[in-house]
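Chains, contacts and geometry: an overview
Residues per chain, in single letters:
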Amino acid sequence: MKDNRRDFIKKTAAAGLGLGLASMPQFSFAADKKDDKLVGIGLIGVGLRGRNHLDLLLRRDDCTVKAICDIDPAATNLALDMVQKAGKTKPEIYGKDDFDYLNLLKREDIQAVIIATPWEWHTKMAVATMKHGKYAGIEVSAANTLEECWDLVNTYEETGMPCMILENVCYRRDVMAVLNMVRQNMFGELIHLECGYQHDLREVKFNNGKQAYGGGVEFGEKGFSEAKWRTNHSVYRNGDLYPTHGIGPIATYLNIDRGNRFVSLVSMASKSRGLHNYIVDKGGENHPNAKVRWKLGDVVTTQIKTALGETIMVTHDTNLPRPYSLGFRVQGEKGIWMDLNKSIYLEGTSPQAHRWEDTSSYFEKYDHPLWKKYEQRAIGAGHGGMDFFVIHAFIEAVKRKAPTPLDAYDAASWSAISPLSEISIEKGSSAVEFPDFTRGQWINRKPTFALNDEY
């Protein structure tokens, strides 16, 4: 069955990339055993994010977690406790070394794999997953270098196996309501958009387990959870390290790689003060980490130009004190939406000229059909329910042997902002051309995201 399955998906990838999900044939798994009717899932990485995914999978009756891979026994044990409490069958465990995930991928009873590991492992694990004939669900960002972006695209095209970037913010309720409004031309032709990742992560980047998120100043081997690996990126890299939460929704509004594309960018980084000051404040001037030289600027801004003439500003701001905001702004000929002040203005529709309106009535009217359909099932899911939708879309695509609504081209184009911003900053904020990961197919490819009434 695996060979027929791979041949089918490869043919649709090669011949039907321009088709929307709604026009794809619908398939269900053929099975000889009762258990085989469920989608077999493998999880690589069951840290905090991986266990969020596991929780959602355990709630579903159309899939089963066959295997888990993690080199941290503590994380594995927590995951197994979750499985036991859910009354589900115990999955097989892999984790004897960094590459034991390759043994998980050999399993014939797994059709799809969800990858929630440190960033530097995302691409190599997704590539291996596709080469083993399985759907890859890859956490964000999907890649750190341009070479990795091309690896995702090339492997997808060679194998025909889908790779979905698991960008949950694309499914945020207000974000999808605005998508619905954009598609109904409420803002007119889009002109300028803004987004970013503006989130004080100092307590995430520095902690030691005992203090957890209470103000430790350790990272690397002495760190806890993400502090073991994420903080090191701020030591050695200067660019937008985490663009997809913001650019993902913006890309769906602009039909990027589906009739439009990114063509160039320019990035600029501020000086670096936030992380050093945090260490001194929490650990004192004599703490060893106070001597670390941080390459990452506290605020990185990136301007992107599209093929159809829109401009986009993306901001990365994680090292200074501030409330959380993704800073969305959607501005067109007819009006503007900004999420920071939860305000909207539509010329000729808003009751007062030059005065903001609250978004509540608009978001109720233009609530996306998927949210209306699945609101109850999303209750209790992470990040305000949007985690349900991203996992649901992935599983439903696997069940139907269909392309995923977000694909390898999305993963590459969105993630490429990181290395391109580093290149631009290194060159004195020079303009950098954006690779066309679709090799010209963007002209004819059609939008797919959130157009299927099931996922």
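A brief look at the structure comes next. Source: prediction; values computed, not measured.

1. Some remarks on the sheet that holds strand β7 (residues 190-198)
Judged by pairing direction, the sheet is mixed, and its 9 strands sit side by side in the order β14-β13-β12-β11-β7-β10-β9-β8-β15 without closing on themselves. Two strands in the sheet have a free side with no partner beyond their single neighbour: β14 (357-358) and β15 (432-433). Inspection of the sheet shows strand β8 (residues 262-269) paired to strand β9 (residues 299-306) by 7 bridges, in the antiparallel sense. For V266, the partnering residue across the bridge sits in β9 and is Q303. With respect to the sheet, helix α10 (residues 244-254) is in contact with β7, β8, β9, β10 (311-317), β11 (329-332) and β12 (335-338), its orientation differing from that of β7 by roughly 160 degrees.

2. Concerning the pairing of strand β1 (residues 39-44)
Most of β1 is tucked away: 6 of the 6 residues are buried. By the alternation rule, side chains of β1 split into V39, I41 and L43 and G40, G42 and I44, which are all buried. Pairing of β1 with strand β2 (residues 63-69), which is carried by 6 bridges, proceeds in the parallel orientation. Residue pairing for β2: G42 is matched across the bridge by A67. Both β1 and strand β4 (residues 112-115) contribute to a ladder of 4 bridges, which runs parallel. Bridge pairing in β4 places I41 opposite A112.

3. Considerations on the nonpolar core
L152, Y171, F187, I247 and Y253 are the most contacted members of the largest nonpolar core, which totals 123 residues. If we ignore the near neighbours within four places in the chain, the residues touching L152 are T123, A126, V127, M130, I138, A142, A143, C163, A408 and A411. Core analysis: the next-biggest nonpolar cluster, separate from the first, contains 10 residues, F206, L275, A290 and W294 among them.

4. Digging into the side chain of S325
Structurally, S325 is set in the loop between β10 and β11. A distance of 2.9 Å separates a polar side-chain atom of S325 from the backbone nitrogen of G327. Among all residues touching S325, those that are not within four sequence positions of it are Y197, Q198, D339 and L340.

5. Side note on the pattern of salt bridges
Pairing between side chains becomes possible if they bear opposite charge and their charged atoms approach one another. Counted under the stated rule, the structure contains 24 salt bridges. In this structure, R439 and E157 form a salt bridge, with 2.6 Å as the shortest nitrogen-oxygen distance. One end of the pair, R439, is in the segment after β15; the other, E157, is in helix α6 (residues 146-159), with 282 residues separating them in the sequence. For E157, a relative accessible area of 30% puts it in the partly exposed group. One connected set of salt bridges, linked through shared partners, spans R60, D62, E396, K399 and R400.

6. Quick word on empty space enclosed by the protein
Here the structure, examined in full by the defined rule, presents 5 cavities of 30 Å³ or more. Of the pockets and cavities examined, the second largest cavity occupies roughly 90 Å³. Lining the second largest cavity are 13 residues, with A251, T252, I256, R258 and F449 sitting closest to its centre. At the level of secondary structure, the elements contributing two or more residues to the lining of the second largest cavity comprise α10 and α15 (408-415). Partitioned by chemical class, the residues of the lining of the second largest cavity number 7 nonpolar, 3 polar and 3 charged.

Criteria and cut-off values
- Residues numbered from 1 in each chain as written.
- Predicted model: local features only at pLDDT ≥ 70, side-chain atom pairs only at ≥ 80, totals over all residues.
- Heavy atoms only, no water.
- Pairing = 2+ DSSP bridges.
- Helix = DSSP H or I, 4+ residues; strand = E, 2+ residues; numbered from the N terminus.
- Contact = heavy atoms within 4.5 Å.
- Axes fitted to C-alpha atoms, helices over the stretch in contact; angles between N-to-C directions.
- Buried < 20%, exposed > 50% of the residue type's maximum accessible area, 1.4 Å probe, protein only.
- Core = buried A, V, L, I, M, F, W, Y, C linked by side-chain atoms within 4.5 Å.
- Polar contact = N/O pair within 3.5 Å; in protein donor to acceptor, adjacent residues only side chain to side chain.
- Salt bridge = Lys/Arg side-chain N within 4 Å of Asp/Glu carboxyl O.
- 1 Å grid on protein atoms, 1.4 Å probe; cavity = no way out; pocket = protein on both sides within 12 Å on 5 of 7 lines; lining within 4 Å.
- Points joined across faces, edges and corners; volume = space filled by probe spheres on them.
- Nonpolar A, V, L, I, M, F, W, Y, C, P; charged D, E, K, R; others polar.

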